[in-house]
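# Observations on the model geometry
So the chains spell out like this:
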Amino acid sequence: MGRGKLRIYLGAAPGVGKTYAMLSEAHRRVERGTDCVVAFVELHDRPRTEVMLHGLEQVPRRELSYRGTLFTEMDVDAVLARRPQVALVDELAHTNVPGSRNAKRWQDVEELLAAGVDVVSTVNIQHLESLGDVVESITGVRQQETVPDEFVRRTDQIELVDMSPEALRRRMAHGNVYQPDKVDAALSNYFRPGNLTALRELALLWVADRVDEYLQEYRSEHRVSAIWGSRERIVVGLTGGPEGRTLIRRAVRLAEKGAGGEVLAVYIARSDGLTAASPKELALQRTLVEDLGGTFHHVIGDDIAAALLDFARGANATQIVLGSSRRKAWQYVFGPGVGATVARESGPDLDVHIVTHEEVAKGRGLPVARGARLGRARLLWGWLVGLAGPVTLTVLLTTVDLGFANDMLLFLTVTVAAALLGGLLPALASAALGSLLLNYFYTPPLHHWSIADPKNIVAIVIFVGVGVSVASVVDLAARRTQQAARLRAESEILSFLAGDVLHGETSLEALLERVRETFGMDSAALLERESDVAPWTCVGRAGAGKPVERPEEADVDVPVGDRVALALTGRVLPAEDRRVLAAFAAQAVVVRDRRRLQGEADRARTLAEGNRIRTALLAAVSHDLRTPLAGIKAAVSSLRSDDVEWSEEDEAELLESIEQGADRLDHLVGNLLDMSRLQTGTVTPIVREIDLDEVVPMALGGVPEDSVELDIPETLPMVAVDAGLLERSVANLVENAVKYSPDGERALVSASAMAERVEVRVVDRGRGVPDEAKERIFAPFQRYGDAPRGTGVGLGLAVARGFAEAMGGTLTAEDTPGGGLTMVLALCAAGSRAGPLDTDVPGGVPAEPVPVRPEGRAS
């Protein structure tokens, strides 16, 4: 059975109706006779959505118990056993309850698709992984639950569910999205008109890019060469001259006038050597166009105008921006130039802009030694002079008698001119025609093809020989120049390629895209296999052409060893191009190996970190836990001894020592467990809006009375935090401050509001910490100066920072004015962020979370 198809309803914002649209689609399919079931749909207490479930078969959910609370998740095994044609799975970015089959719901969907079940799902634009930073900058909310962009991009169908900000806010005010008690908070925070407008634009642009990918694939599969002006794409033709920066800026301004405009700067390296760009100038222009949001492309083409038009049509461009020619006026004798040729041959669907600049008509300044092979214009002129020149000269010489010697020299001049212009063949034709005309019109007997004087035979032979010799020299020079120019162009491309690869700035896909663009192919793929009999697998691919599974299926394949091959589709390349292509293939293998080595290094780093943590844990268990255990055992043994009669005061002292040892053990074990959970990423906060004065006083229970001064104003805004994690973080900070405060000095815990954040400061008057050690004290198992007075394992500050970051806050160390250390815990004010497990309701209106909080507080 083949892989199932995935259809996603992409919501521009929560509440636009994507779940409703998914259920409507399910009813349409059921009416057509499709076997469709509801695998999981989140109602969020919306009556109209609940009504849409009527008439649809629902697969029972799986119940999971976590920390004493019962949760329900999609039962993947039950859906697979039911094996419907279509399964409805809501909230693609949802994080499953610990103990589920997969960590993420999109991984559940991947299993259903692999089993051949079609899936219809939903996701909001803010949950796409690549847009996390953008969404946070717009809304102030960092989405904790995301789905990889690549998974969504591989969707068979994407349908945007959109609604104007005004309409969505009206829906919320009418109670169609949230419960009435949550509407005011949502409207005043996440669902402000500006936030909704920005999210809507993000969704429209993302879907437009995906539609553009579909369009490119369709054009490639159906070989559509005509331009479809679905969006503004502006191609900038660069020569490597200083005017390129002006052209790039002009093109960017043109693109900004239309929504979704795109700029593609292209430099075409001519193999005939007529132009030679400065690598430094090209690097500057590449940086400029990328800084302005465009892309840079490097292409080889013998005919500049044709290559530029082919690139523009292949990219489905709508406009071309070129600079006014830098040629001198007399150079137009050799042809109209690239700009005029492109404008003439662009057709009605491709606009051409000729931009003036300061380098107009100043010449290219290239040395003559960098000359060219014989181009099309020179060949035409050579044939014209070689064929028409002798005839014209014959007509002119009929009116004047200059003598046979002068006549022959004039015909030789025409032949040499034809050789200089057109090379060997026009010169041979001119020599043959000239010799015939000399024989017929100027060698006795006149107007006969015979030659009476043997001296004239020698003269005509010399005439032909000189013409052929000159033509051969010109042709050889042209071919040598062509070869040198091509080698120079190849060396520039390889140098540019090697620089990118050696600096590690080029991914395998980007390198394959460069190969595809350079040689004008439809697709490029790197294939490898584990053995000579194993099947080929695709390591990386670029382009929208038909994918190849074996090198034999490609139009061009370049083997790299026995088990790696670079395969290209589109056209058959000439043999001289395979030299550069082989270098590209070798570089692709280098990039692939570097990527694998990087992955192995990352895994080794992770293992080393895990081993370091485990070693430290073992050291803590073997050393730091032994002391309180020994004290407890000694006290208990003393109390159980029958040889000694203990007084009430002694018994109380021994019991107190047992209690202190147990408290110390509880503290150490709690920190060890918290650190292990932070290292494994299993701490998920339950974010709620709370007042600091409800939590901070509870964090002082583990320190002596009168050792801390508390200053928490009642006017502070509420904070969006997990109460348990905040209590543990503050407790660890306070304990650290009390430990290092001088005798008789109380630590200070104060709080203040700063913009959209609330800062909790824990101040001590101890010896302080130097600037270079302020970050090191937050590392696990670190005690500043290895102070012998420390009774922990050096995890208190590391746990405090880990919990702070899990809640979306920060923890930093500052110097206390007058001496000492101040710990600054910055927290998000209420309404500025959502709960970490909220997949549909941001902005202080959290969905049902997974309750992962520390059990109690170790003081």
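Refer to the structure above for everything that follows.
Source: prediction; values computed, not measured.

Rules used in this analysis
Counting restarts for each chain: residues are numbered from 1 in the order of the written sequence. Selection of residues for local features in this predicted model requires a pLDDT of at least 70, selection of side-chain atom pairs for listing and counting requires 80 or more, and totals for whole chains, interfaces and linings are taken over all residues. Side-chain figures throughout are based on the complete set of non-hydrogen atoms in the structure, without hydrogens or water. By nonpolar core we mean a set of buried residues, namely Ala, Val, Leu, Ile, Met, Phe, Trp, Tyr and Cys, connected to one another through side-chain atoms within 4.5 Å. Exposure is judged per residue with a 1.4 Å probe applied to protein chains only, and the accessible area is read against the type maximum: over 50% gives exposed, under 20% gives buried, and values in between give partly exposed. Each helix corresponds to a stretch of at least 4 residues labelled H or I by DSSP, and each strand to a stretch of at least 2 residues labelled E; elements are numbered beginning at the N terminus. Any two residues whose heavy atoms approach within 4.5 Å at even a single point are treated as in contact. For two strands to count as paired, DSSP must find a minimum of two bridges between them. Note that patches include only residues with greater than 30% relative accessible area and no salt bridge, and the join distances are 9 Å for like charges and 5 Å for nonpolar side chains (Val, Leu, Ile, Met, Phe, Trp, Tyr). Only the protein chains shown count as cover for residues, with accessible areas throughout obtained via the Shrake-Rupley method and a probe of 1.4 Å. Each salt bridge in this description consists of a side-chain nitrogen of Lys or Arg and a carboxyl oxygen of Asp or Glu lying within 4 Å of one another. For the purpose of counting charges, residues Lys and Arg are taken to be positive, whereas Asp and Glu are taken to be negative. His and the chain ends are not included. By convention, the point assigned to a charge is CZ for Arg, NZ for Lys, CD for Glu and CG for Asp. Every definition here rests on a 1 Å grid over the protein atoms only: cavities are sets of points where a 1.4 Å probe fits but cannot get out, pockets are open sets enclosed by protein on both sides within 12 Å along at least five of seven lines, and lining residues have some atom within 4 Å of a point. Grid points are joined across faces, edges and corners, and a volume is the space filled by probe spheres set on the points. Residue classes follow a fixed rule: Ala, Val, Leu, Ile, Met, Phe, Trp, Tyr, Cys and Pro count as nonpolar, while Asp, Glu, Lys and Arg count as charged, and any other residue, Gly among them, counts as polar. Note on method: axes are straight lines fitted to C-alpha atoms, helices fitted across the in-contact stretch only, with angles between N-to-C directions ranging 0 to 180 degrees. Multiplying 1.5 Å by the residue count of a helix minus one yields the expected span of that helix.

This brings us to the nonpolar core. Leu88, Leu112, Ile125, Val147 and Trp206 are the most contacted members of the largest nonpolar core, which has 60 residues in total. Ranked by the residues each element gives to this core, the list is headed by helix H9 (residues 193–221), at 6 residues. Residues in contact with Ile125, not counting those within four places in the same chain, are Leu10, Gly11, Ala12, Leu131, Leu199, Leu202, Ala203 and Trp206. Core analysis: the second largest hydrophobic core is formed by 42 residues, Leu692, Val719, Ala737 and Met823 among them.

Before going further, it helps to spend a moment on the pairing of strand S12 (residues 319–323). A large share of S12 lies buried, amounting to 4 of its 5 residues. Note that strand S9 (residues 233–238) and S12 share 3 bridges and pair parallel. Residue pairing in the sheet places Ile234 in a bridge with Gln319 of S12. Two strands pair when backbone bridges link them, and S12 and strand S13 (residues 351–355) are joined in this way by 5 bridges, in the parallel orientation.

With that settled, consider a positive patch on the surface. A grouping of Arg249, Arg250, Arg253 and Lys257 is seen on the molecular surface, where their side chains present a positively charged patch. Here Arg253 shows up in helix H10 (residues 244–256). By relative accessible area, which is 43% here, Arg253 ends up partly exposed.

Next up on the list: empty space enclosed by the protein. Tallied over the full model, the rule gives 5 cavities of 30 Å³ or more. Counted as a void, the second largest cavity has a volume near 50 Å³. Taken together, the residues that form the lining of the second largest cavity break down as 5 nonpolar, no polar and 3 charged.

Strand order across the open sheet formed by 4 strands is S15-S14-S17-S16, with antiparallel pairing between neighbours. For this open sheet the edge positions go to strand S15 (537–543) and strand S16 (556–559), each flanked by a neighbour on one side alone. Taking each pair of neighbouring strands and ignoring which way they run, the sheet shows an average axis angle of 15°. Strands in contact with helix H18 (residues 508–519) are strand S14 (523–528), S15 and strand S17 (564–569); relative to S15, the strand with the most contacts, it is inclined by about 55°.

A few words on unusual backbone geometry. Phi is positive for Glu91, which is not a glycine, with a value near 55°. Relative to the assigned elements, Glu91 resides in the loop between strand S6 (86–89) and helix H4 (105–114). Of note, the phi angle at Asp706 is positive, near 65°, even though the residue is not glycine. Position of Asp706 relative to the elements: it lies in the loop between helix H22 (692–695) and strand S19 (708–711).

Another point: helix H1 (residues 18–31). With 14 residues, H1 should cover 20 Å at 1.5 Å per step; its first-to-last C-alpha distance of 20 Å lies within 8% of that length. Buried within H1 we find Lys18, Thr19, Ala21, Met22, Leu23, Ser24, Glu25, Ala26 and Arg29. Considering only its buried residues, H1 is in contact with strand S1 (6–11), strand S2 (36–40), helix H2 (47–51), S6, strand S7 (118–124) and strand S8 (157–161). Where H1 ends, the next residue or the one after it, Gly33, has phi of about 95°, a positive value.

This paragraph deals with a negative patch on the surface. On the surface, a cluster of negative charge is made up of Glu645, Glu648, Glu649, Asp650, Glu651, Glu653, Glu656, Glu659, Asp663 and Asp666. Tracing the backbone shows Glu649 in helix H21 (residues 648–680).

So, about the pattern of salt bridges. Counted by the stated rule, this structure contains 25 salt bridges. One salt bridge connects Glu25 with Arg7, and the closest N-O pair in it is separated by 3.4 Å. In this pair, Glu25 sits in helix H1 while Arg7 sits in strand S1, placing the two residues 18 residues apart along the sequence. For Glu25, a relative accessible area of 6% gives the class buried. With a closest N to O distance of 2.0 Å, Arg596 and Glu528 form a salt bridge. Placement of the pair is Arg596 in helix H19 (residues 577–624) and Glu528 in strand S14, with a sequence separation of 68 residues. Since its relative accessible area comes to 13%, Glu528 is described here as buried. Residues participating in the shared-partner salt-bridge network are Arg7, Glu25, Arg28, Arg29 and Glu159.

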